[in-house]
Amino acid sequence: MLLMSQYCQVALESGVVVDDGRTVVVEGLRVCPTERGHGVAGVIQRFADSYLKKLYPSIKVKRLTRGDDPGPEKLSKFRLLARRAVVSLSGEAESFDGFISALKAKLMLEEGAGGPASKHLSLETEEQLRAILLDPDISSRLQLPGGAIIQDWQPLQPIEGNLAVLKRQNLTWFAGGGLVDKPAFLSFYTPPYPVPYGGRAVRLNIDMFGTDQGLARGALVAILERVRAELRGIVMMHVYLHGSLWESLREFCQTDSGVQQWRNNWEQLLLERDL
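A brief structural summary. This structure is a prediction, so every number in the text was calculated from the model and none was measured.

### Some words on the pairing of strand E11 (residues 201-209)
Here comes step 1: Burial runs high along E11: nine of the nine residues are buried.
Here comes step 2: Burial of E11 is two-sided: the residues Ala201, Arg203, Asn205, Asp207 and Phe209 facing one way and the residues Val202, Leu204, Ile206 and Met208 facing the other way are all buried.
Here comes step 3: For strand E10 (residues 182-195) and E11, the ladder comprises eight bridges, and the chain directions are antiparallel. Of the residues in E11, the one forming a bridge with Phe188 is Asp207.
Here comes step 4: Linkage of E10 to E11, two consecutive antiparallel strands, is achieved through a turn of five residues, within which Gly198 is found at a positive phi near 70 degrees.
Here comes step 5: On the question of chirality, the crossover connecting E11 to the parallel strand E12 (residues 234-241) by way of helix H7 (residues 213-227) is right-handed.

### Quick look at the nonpolar core
Here comes step 1: Counting residues in hydrophobic clusters, the biggest one holds 36 residues, and the most contacted among them are Phe99, Leu204, Ile206, Met208, Leu220, Leu224 and Met237.
Here comes step 2: Elements supplying a minimum of two residues to this core: strand E5 (79-92), helix H3 (95-111), E10, E11, H7, E12 and helix H8 (246-252).
Here comes step 3: For this core, the element with the most residues is H7, which contributes nine residues.
Here comes step 4: Once residues lying within four places of it in the same chain are set aside, the contact partners of Leu204 are Tyr189, Thr190, Pro192, Leu224, Val227, Leu231, Val235, Met236, Met237 and His238.
Here comes step 5: Grouped together as the second largest cluster of nonpolar side chains are 21 residues, Val16, Val25, Ala175 and Phe209 included.

### Looking at the packing of aromatic side chains
Here comes step 1: Going through the model one piece at a time under the given rule, you end up with six aromatic pairs.
Here comes step 2: On the numbers, 6.5 Å between centres and 75 degrees between planes, the contact of Tyr240 with Trp266 is edge-to-face. Taken as a pair, Tyr240 in strand E12 and Trp266 in strand E13 (residues 260-274) lie far apart in primary sequence, 26 residues in all. Accessibility classification places Tyr240 together with Trp266 in one group, the buried group.
Here comes step 3: Sitting over the face of the ring of Trp266, Arg263 holds its NZ or CZ atom 3.8 Å from the ring centroid.

### Things to note about unusual backbone geometry
Here comes step 1: Its identity is not glycine, yet Asp20 carries a phi of approximately 55 degrees, on the positive side.
Here comes step 2: Positionally, Asp20 belongs in the loop between strand E2 (8-18) and strand E3 (23-31).
Here comes step 3: Of note, the phi angle at Gln143 is positive, near 50 degrees, even though the residue is not glycine.
Here comes step 4: Structurally, the position occupied by Gln143 is in the loop between helix H5 (138-142) and strand E7 (149-151).

### Some points on the environment of Glu126
Here comes step 1: Residue position: Glu126 is located in helix H4 (residues 126-133).
Here comes step 2: Classification of Glu126 by relative accessible area gives partly exposed; the value is 45%.
Here comes step 3: Taking the C-alpha atoms as reference points, Glu126 and Lys167, separated by 41 residues in sequence, lie 8.7 Å from one another.

### A short note on H7
Here comes step 1: The end-to-end C-alpha distance of H7 is 21 Å, a good match for the 21 Å that 15 residues give at a rise of 1.5 Å each.
Here comes step 2: Buried residues dominate H7, accounting for 12 of its 15 residues.
Here comes step 3: When H7 is considered as a whole, its buried residues turn out to be Gly214, Leu215, Ala216, Arg217, Gly218, Ala219, Leu220, Val221, Ala222, Ile223, Leu224 and Val227.
Here comes step 4: Where H7 starts, the residue carrying a side-chain oxygen 3.0 Å from the main-chain nitrogen of Gly214 turns out to be Asp212.

### Examining the side chain of Arg63
Here comes step 1: Within the secondary structure, Arg63 sits in strand E4 (residues 61-66).
Here comes step 2: Note on Arg63: relative accessible area 8%, which makes it buried.
Here comes step 3: Of the polar contacts made by the side chain of Arg63, one reaches the side chain of Glu272; its length is 2.8 Å.
Here comes step 4: Leaving out residues up to four positions away in the same chain, Arg63 has contacts with Thr23, Val24, Val25, Val26, Leu81, Gly146, Ala148, Pro155, Gln157, Leu271 and Glu272.

### Comments concerning the side chain of Arg273
Here comes step 1: Tracing the backbone shows Arg273 in strand E13.
Here comes step 2: Within the structure, Arg273 has its side chain in polar contact with the side chain of Asp49 (distance 2.5 Å).
Here comes step 3: If near-sequence neighbours (up to four positions away) are discounted, Arg273 is found in contact with Asp49, Lys60, Val61, Lys62, Lys77, Phe78 and Arg79.

### Observations regarding the environment of Lys167
Here comes step 1: In this fold, Lys167 is placed in helix H6 (residues 163-167).
Here comes step 2: The exposure class assigned to Lys167 is exposed, which follows from its relative accessible area of 57%.

### Some points on the pairing of E13
Here comes step 1: As paired elements, E4 and E13 share six bridges and run antiparallel to each other. Counterpart to Leu64 in the pairing with E13 is Leu271.

Analysis parameters
Residues numbered from 1 in each chain as written. Predicted model: local features only at pLDDT ≥ 70, side-chain atom pairs only at ≥ 80, totals over all residues. Heavy atoms only, no water. Buried < 20%, exposed > 50% of the residue type's maximum accessible area, 1.4 Å probe, protein only. Helix = DSSP H or I, 4+ residues; strand = E, 2+ residues; numbered from the N terminus. Pairing = 2+ DSSP bridges. Right-handed = clockwise from strand over helix to strand, strands pointing away. Core = buried A, V, L, I, M, F, W, Y, C linked by side-chain atoms within 4.5 Å. Contact = heavy atoms within 4.5 Å. Phe/Tyr/Trp six-rings, centres within 6.5 Å; stacked < 30°, edge-to-face > 60°. Lys NZ or Arg CZ within 6 Å of the ring centre and 35° of its normal. Expected span 1.5 Å × (residues − 1). Polar contact = N/O pair within 3.5 Å; in protein donor to acceptor, adjacent residues only side chain to side chain.

In structure tokens form, the structure reads like this:
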């Protein structure tokens, strides 16, 4: 949804309808710097909400994720469904060879060769993924935030209608612990994409679901080994995970490889309100 004033773009809100038409997920809201503080964001949001309700009468709720705490006044307009912790690391792509080796050595020391944490199966077929995501107890077993699979910043209920949305993102999935179709841990990464940082940076987003510390460490190693060939220039890496795992994974990632934490403990908030 684009808001114009005197032939100039002043605001933009984008979203996607998911959950079999019951939910609209806000993908982004931007207001021209010169127009901020004048209520423009509220205008475009109200118009977009009204327009979407007419276009999709089945929509019941609006969901969004935020990387900052909006404060009690703004939070009062939403239901806070979940919080996820974020471990943020950065380094030159060439440093990731040493980083991965150091993490593998730590994992070997903690678990031994062939330990459960090192066994993460790459999900190569749609049938494998479908069986896991459509399992009725996935939300409680993996403690999904707000009952959703959050891909980067997009929360999706694990239902049949959302599988096509996830497929379009070209994600690489891993499962660890437990049975193949009932894993104790699930993770994936989104293909690295360029970001405007120093002119040669890429962003790598990793999403993890589950609460086992050892499996979280093993998942990180498995993902980094798979994605290493896609990394170029400066790598800005964000790992989104259950809050109980933040300290453990942060400590695990402390090495002398040149890959360092670049943002302190912060959270991703999942918010919802009725439409």
